[in-house]
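# Structural description and commentary
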Protein chains: 2
Amino acid sequence: MDINQRLTDLRELMRREHLAAFIFPSTDPHQGEYVPDHWKGREFISGFNGSAGTAVVTMTSAALWTDSRYFLAAEEQLKGTEYQLMKLKMEGTPTIAEWLGRELTSSTEVGIDGWCSSANEVKTLIADLRKHGGITLRTNLDPLKQIWRDRPAIPENPVEIYPIEYAGESCHEKLGRIRQALREKHADGMLMAALDDIAWTLNLRGTDVHCNPLFVSYLLISTKSATLYINKVKLSPEVIAYLKAEGVGVEPYEDVRKGLADYFEYNILIDPDEINYTLYKSVTREIVEEESPVKRMKTVKNEREIAGFRSAMLKDGIAMVKFLKWLSGYSGKDGISGISEISASDKLEAFRAEQPLYRGLSFDTIAGYQAHGAIVHYEATPETDIPLKPEGFLLLDSGAQYLDGTTDITRTIALGPLTEEQKRVYTLVLKGHIQIELCKFPAGASGTQIDILARQALWREGLNYLHGTGHGVGTYLNVHEGPHQFRMEWKPAPLVAGMTITDEPGIYLAGKFGVRIENTLLITPYKETEFGQFLQFEPLTLCPIDTSPILRELLLPEEAEWLDRYHQLVYNTLAPYLDAEEVAWLREACSPIRKEI
Amino acid sequence: MDINQRLTDLRELMRREHLAAFIFPSTDPHQGEYVPDHWKGREFISGFNGSAGTAVVTMTSAALWTDSRYFLAAEEQLKGTEYQLMKLKMEGTPTIAEWLGRELTSSTEVGIDGWCSSANEVKTLIADLRKHGGITLRTNLDPLKQIWRDRPAIPENPVEIYPIEYAGESCHEKLGRIRQALREKHADGMLMAALDDIAWTLNLRGTDVHCNPLFVSYLLISTKSATLYINKVKLSPEVIAYLKAEGVGVEPYEDVRKGLADYFEYNILIDPDEINYTLYKSVTREIVEEESPVKRMKTVKNEREIAGFRSAMLKDGIAMVKFLKWLSGYSGKDGISGISEISASDKLEAFRAEQPLYRGLSFDTIAGYQAHGAIVHYEATPETDIPLKPEGFLLLDSGAQYLDGTTDITRTIALGPLTEEQKRVYTLVLKGHIQIELCKFPAGASGTQIDILARQALWREGLNYLHGTGHGVGTYLNVHEGPHQFRMEWKPAPLVAGMTITDEPGIYLAGKFGVRIENTLLITPYKETEFGQFLQFEPLTLCPIDTSPILRELLLPEEAEWLDRYHQLVYNTLAPYLDAEEVAWLREACSPIRKEI
């Protein structure tokens, strides 16, 4: 990639437009986690392909901000360019506004594409830039239109109807609930840009986005009508008829601004974290600035969705057990011949692909052997791929999309002898995982309150991990679903019965190894007392947790008991679907660690 | 109290002023927790004397909002008046704005004294009232000036210098640090209204406020000058000379608005949660709206302050042990003859008063026997006082002001046989208390993250308490010091080495009993690793925790071990200061619960 030539082209354009700098964030008009190639402008201009990062280019300098997950990868990918790496959350790293304030003469103008950042992000940026030397921001120019000659098109893949037997609630019922929620917020309508919110609302799915069954579109809802802004080539006559029957009209994707201009109600709810700045500024009516009610509605699964999750988890557990048995066949005394991180990932994918209703991966598999396991978002490439050896840890974080549900599971697998440090860290991470599984809490508690239960055993030894402990999981939708999370940072979203959430503490010792253990959980009622309704977690994921690394004396009795109970559940549920050899392997893998049982 | 006559007077004034309603909050111009009598307007107009509550009076109705701590007391005190009780945080309770929106015809005007609510409170109220029928708010009228005929004066008690041997840092050093913090926030000066912030900054103390060694005043700081607005009758020549030497001028209390008008810098930091609305609106320069930097500076104790805390805690522990031994002499087989909640409190106060540098109570003692212990903010009065019997629990939450430090301790004491439920609840609360004591955490974690450690054992049994788990404690200042706390609600203030914080989980079973166990802790460094600096808690409070109610099998080994270690510390530290009989009692009270030791 000739990054230098692209920078030259960009700067020529900047000179013509009298812009002192241009900012390229990693987002798209829909604020998605995975961005269709068309909007990978930051990667185009910098060469850095991580999921999070912002490139900033002045006439004489260039810099890229990213977080600790990507420090190593970014350093590698920026080599030979003029970009300097800005390490987020590290002492001494300037903010973009601070850096620009230093790099530029004051009272100048910089650019950002208003389509590709949320209204809140741009508003914050405008305020920050004003503080740092009175820099102003221009938002109505997309330089990529001119300098990105072979820019990929916006995807035009077909949209399919998501059957009601999996969705559990019809589109018009959901629209009814959304309009009710809008009335409670004194709003007449709303604009949706989040692709998973649109897919959930309409009971439609697509294939426009990597690993996420989404389709590029906007949805504008008013008191009486709903309009889907989408490239009509994506819609079959059947889907158009379905939408009409559900009360949803269709207009071209690029007409969404016209739709906003024609919107005739008194006011409109706009979620400024979801809607991009250009659309936000296009609203002509009064804005009710609030979190989109769809975000929380979507996270609380109905009975059909929960049944779908159980079905998907059963299939995923079967595939995982087949894979683990296959892997263990290689990891005996004779060593692991010929298996690498990539070939192991491929084998696991093949086992999953055999399962009914399989639709693909829910994210790129992370298969990190030993030191690679310490790179939190490692994805093996042909250049980094290494052979597995009969020792140490393979960290395997993977998940699939099935038509009836989405899965996300991490196991850390001992391939042979371990160091004492590996066993100790593994056991401490497992303690954290189990303490979340055991947690009971009053309805309405937030994940910020609960997060420490996964960390306390680690903190007591001076260990920590900097990612969240867990996130929601969609129903044949995004594997990362908000707004609820387990996190050290404040997440006010209350936890509610019917939500899914992952439980995935880890420890990463750079250059040595990584450990993470993850189940996807369902929140269910626990008990009601004079102090209110209490909730609990139920594991949906069905797959043995490697017991061979456990230092038994570090586990509390309740933790060992939970592990044995969980393994009994895994065995009882999966065994009927496995052949005799697999059952024998599973029985061994699920055997209790408490000898007294 | 003739509340009806006062309402009549108020309504006559409201009619003349064309006000449809008047709002009386529980605060004063300094947003203090304890309000001098002069500003007890809500109590005057409603008769309700709890520390938190808001009275609202229309021409035809009256209502009082308070929280669950005061439901019982408020019901009692409002009897025979036209006030209806509005139970905060209960389903169906309207907000003040909602209620006014219903009670009043639209587009009318209501009043509140802009001196007695923070800028943020009034701004929120203005927005809420506008939403509910377009009600407007008038803030420049204090009806109490006219209708409260025997209104107490603003206190005029003398101010004393707080010796540097206890403060550990001189006034001009503190002013230097404050100006540095202001520069970092790009502010030239600030206005202080919080009386504990002013006392801390100036190293002065007073006696204007119940239980808090404060003096009524404002402090205006600019880049080069500092001015104390105070009734000069409170200042001796010595104090005036001291202030002059430290670079602080003195002006009359009522001239603070003039001071703001004359303030000549470019901008001024105003904490809108601290500064009242009237003063906020009196600022003529640009406002930097931020949390006052003094709040956090004050919470991080220096070495002299920590030494003072240890000294105060030693004395407090001696007094507590003398009291507990005295009480146990009565609670043997022969019953407790003649001791009541009030006489027990008085006896404890007498033991404390014997200690050097004793200056008074740090809050009104809570001595709640059996069912009274379930009333979270119970204060025994001659009407409610009951005799202690040789059974059940006495909950005793108390603290003192010593010149070298402030204390806050709760013990729940078994006076004789207990029910199984009492033992179980006691042990679960103790587990929660100990889990906080054992917690290790990365520097910068907030109390919201840690709070659950005190609750998890309770939540597993469907129990909970609705107050915070802990708060900061001042240095011969307020017993409640923010902004850091342990709370279920979000408190972003990071925990830092040198802070004090209480650890006080509890359970309250209405009509039965209450349990709370509280130590005051100091945050100290734990270890530094590749994952950063970790912190821990060290108990400052020195007093045995009753072991007789403990159900040993519910404690984890680490919890029993902590308790034995703590009791060893208490014994070793206090024994040298006690007589032989007291030592014998203490040895018994501190004997290990782990028989193997």
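What comes next is a walk through the structure. (Residues numbered from 1 in each chain as written. Chains lettered and ligands numbered in written order. Predicted model: local features only at pLDDT ≥ 70, side-chain atom pairs only at ≥ 80, totals over all residues. Heavy atoms only, no water.)

### Regarding the overall build of chain A
- Secondary structure assignment for chain A yields 20 helices and 28 strands.
- Compactness check: chain A gives a C-alpha radius of gyration of 25 Å against a globular reference of 25 Å for 597 residues, within 12% of the reference.
- Taking the principal axes of its C-alpha atoms as reference, chain A extends roughly 75 × 55 × 50 Å.
- Going through the 597 residues of chain A one by one, you find that 61% of them count as buried.
- A separation of at least 24 residues holds for 69% of the contacts in chain A among residues at least 6 apart in sequence.
- Per element, the accessible surface of chain A, about 23400 Å² overall, is 52% carbon and sulfur.
- For chain A, the distance from the average position of its 63 positive side-chain charges to the average position of its 85 negative side-chain charges is 2 Å. (Helix = DSSP H or I, 4+ residues; strand = E, 2+ residues; numbered from the N terminus. Rg over C-alpha atoms; globule rule 2.2 N^0.38 Å. Buried < 20%, exposed > 50% of the residue type's maximum accessible area, 1.4 Å probe, protein only. Contact = heavy atoms within 4.5 Å. Areas by Shrake-Rupley, 256 points an atom, 1.4 Å probe, with all protein chains shown as cover. Lys, Arg positive; Asp, Glu negative; His and termini not counted. Charge placed at Lys NZ, Arg CZ, Asp CG, Glu CD.)

### Comments concerning the sheet that holds strand 19 (residues 405-406) of chain A
All names here are of chain A.
- A sheet is described by the order of its strands in space; here three strands give the open sequence 15-18-19, paired in antiparallel fashion. Two strands close off the open sheet at either side, each with one partner strand: strand 15 (358-361) and strand 19.
- Judged from the three bridges that link them, strand 15 and strand 18 (residues 400-402) form a sheet pairing that is antiparallel. For glycine 360, the partnering residue across the bridge sits in strand 18 and is glutamine 401.
- Of the strands in this sheet, strand 15 and strand 18 touch helix 15 (residues 341-353), which is tilted by about 160° from strand 15. (Pairing = 2+ DSSP bridges. Axes fitted to C-alpha atoms, helices over the stretch in contact; angles between N-to-C directions.)

### Quick word on the side chain of Thr412(A)
Residues and elements named next belong to chain A.
- Positionally, threonine 412 belongs in strand 20 (residues 409-414).
- The buried category is assigned to threonine 412, whose relative accessible area is 1%.
- Polar side-chain contacts of threonine 412 include one of 2.7 Å to the backbone oxygen of arginine 516. (Polar contact = N/O pair within 3.5 Å; in protein donor to acceptor, adjacent residues only side chain to side chain.)

### So, the pairing of strand 10 (residues 218-221) of chain B
All names here are of chain B.
- Judged by which residues are buried, strand 10 turns out to be covered on both faces: Tyr218 and Leu220 on one side and Leu219 and Ile221 on the other are all buried.
- As judged from the three bridges shared by strand 8 (residues 190-192) and strand 10, these two strands associate in the antiparallel manner. Paired with leucine 191 across the strands is leucine 220, a residue of strand 10.
- In this structure, strand 10 lies alongside strand 11 (residues 226-229), joined through four bridges in antiparallel fashion. Bridge pairing links isoleucine 221 to alanine 226 in strand 11.
- Between the antiparallel neighbours strand 10 and strand 11 lie four residues.

### Details of the sheet that holds strand 27 (residues 519-529) of chain B
Residues and elements named next belong to chain B.
- As summarised here, the arrangement of the four strands in space is 21-28-27-24, forming an open sheet in which the pairing is antiparallel. This sheet does not close on itself; its edge strands, each paired only once, are strand 21 (440-442) and strand 24 (500-503). Going from strand to strand, the sheet's axes swing by 45° on average, the running direction of each strand aside.
- Of the strand pairs in this sheet, strand 27 and strand 28 (residues 532-539) are connected by eight bridges, and their pairing is antiparallel. By the bridge assignment, threonine 529 is partnered in strand 28 with glycine 532.

### Topic: the interface of chain A and chain B
- On the chain B side, the residues contacting the 30 residues of chain A number 30 residues.
- Taking both sides of the interface into account, the surface hidden between chain A and chain B amounts to around 2800 Å²; carbon and sulfur atoms contribute 60%.
- Looking at the side of chain A facing chain B, the largest losses of area belong to Gln449(A), Arg460(A) and Phe531(A), adding up to 25% of the total buried there.
- Scanning the region where chain A abuts chain B turns up two salt bridges. (Buried area = accessible area lost by both parts, 1.4 Å probe. Salt bridge = Lys/Arg side-chain N within 4 Å of Asp/Glu carboxyl O.)

### Quick word on unusual backbone geometry
- In this structure, Pro483(A) follows Gly482(A) across a cis peptide bond, with omega equal to 0°.
- Locating Pro483(A) in the fold gives a position in strand 23 (residues 481-486).
- Phi is positive for Asn203(A), which is not a glycine, with a value near 55°.
- Following the sequence through the fold, Asn203(A) ends up in the loop between helix 9 (195-202) and strand 9 (204-205).
- Using a relative accessible area of 2% as the deciding quantity, one classes Asn203(A) as buried.
- Positive phi, close to 60°, is recorded for His18(B), a residue that is not glycine.
- Its location among the elements puts His18(B) in the loop between helix 1 (3-17) and strand 1 (21-24).
- Given the relative accessible area of 66%, His18(B) is considered exposed.

### Looking at the environment of Asp408(A)
All names here are of chain A.
- Among the structural elements, aspartate 408 can be located in the loop between strand 19 and strand 20.
- Residue classification places aspartate 408 among the buried positions, given a relative accessible area of 3%.
- For the pair aspartate 408 and glutamate 588, spaced 180 residues apart in sequence, the C-alpha separation works out to 24 Å.
- Setting aside its immediate chain neighbours within four residues, aspartate 408 contacts Phe363, Asp397, Ser398, Gly399, His471, Val479, Thr502, Glu504, Glu518, Thr520 and Thr541.
- In this structure the side chain of aspartate 408 is engaged in a polar contact, spanning 3.1 Å, whose partner is the side chain of histidine 471.

### Re the relation of the copies chain A and chain B
- Between chain A and chain B, the superposition needs a rotation of 180° and an axial shift of 0.1 Å, giving an RMSD of 0.1 Å. The superposition operator between the copies reduces to a two-fold rotation axis. Nearest to the rotation axis, the C-alpha of Gln449(A) is located 2.4 Å from it, this being the minimum over chain A. (Least-squares fit on C-alpha atoms with pLDDT ≥ 70 in both.)

### Some remarks on the packing of helix 19 (residues 557-574) of chain A against helix 20 (residues 580-589) of chain A
Residue and element names in this part refer to chain A.
- Between helix 19 and helix 20, the shortest axis-to-axis distance is 9 Å and the interhelical angle comes to 170°. Classified by the interaxial angle, the pair formed by helix 19 and helix 20 is roughly antiparallel. Across from His567, Val570, Tyr571 and Leu574 in helix 19, the residues of helix 20 making contact are Val583, Leu586, Arg587 and Ala589.
- Across the contact of helix 19 with helix 20, the residue classes break down as six nonpolar, one polar and one charged. (Parallel < 35°, antiparallel > 145°, perpendicular 65-115°, else oblique. Nonpolar A, V, L, I, M, F, W, Y, C, P; charged D, E, K, R; others polar.)

### Points about the packing of helix 8 (residues 171-184) of chain B against helix 9 (residues 195-202) of chain B
All names here are of chain B.
- The N-to-C vectors of helix 8 and helix 9 enclose an angle of 120°; their axes lie 7 Å apart at closest approach. Here helix 8 is positioned oblique relative to helix 9, judged by the angle of their axes. In this structure, helix 8 uses Cys171, Lys174, Leu175, Arg177 and Ile178 to contact helix 9, whose residues at the interface are Trp200, Thr201 and Leu202.
- Per-class residue counts for the contact of helix 8 with helix 9 are five nonpolar, one polar and two charged.

### Re the environment of Gly498(B)
Residues and elements named next belong to chain B.
- If you trace the backbone, glycine 498 turns up in the loop between strand 23 (481-486) and strand 24.
- Put simply, glycine 498 and threonine 299 are 199 residues apart on the chain and 7.7 Å apart in space, counted from C-alpha to C-alpha.
- Other than its neighbours up to four places away in sequence, glycine 498 contacts Thr299, Val300, Lys301, Leu522 and Ile523.

### Side note on the pattern of salt bridges
All names here are of chain B.
- Under the definition given, this model contains 69 salt bridges over all chains.
- For lysine 79, the salt bridge identified is with glutamate 76, shortest N-O distance 3.6 Å.
- When the shortest N-O distance is used, the salt bridge between arginine 359 and glutamate 160 registers 3.0 Å. Of this pair, arginine 359 sits in strand 15 (residues 358-361) while glutamate 160 sits in strand 7 (residues 160-161), and the two are 199 residues apart along the sequence.

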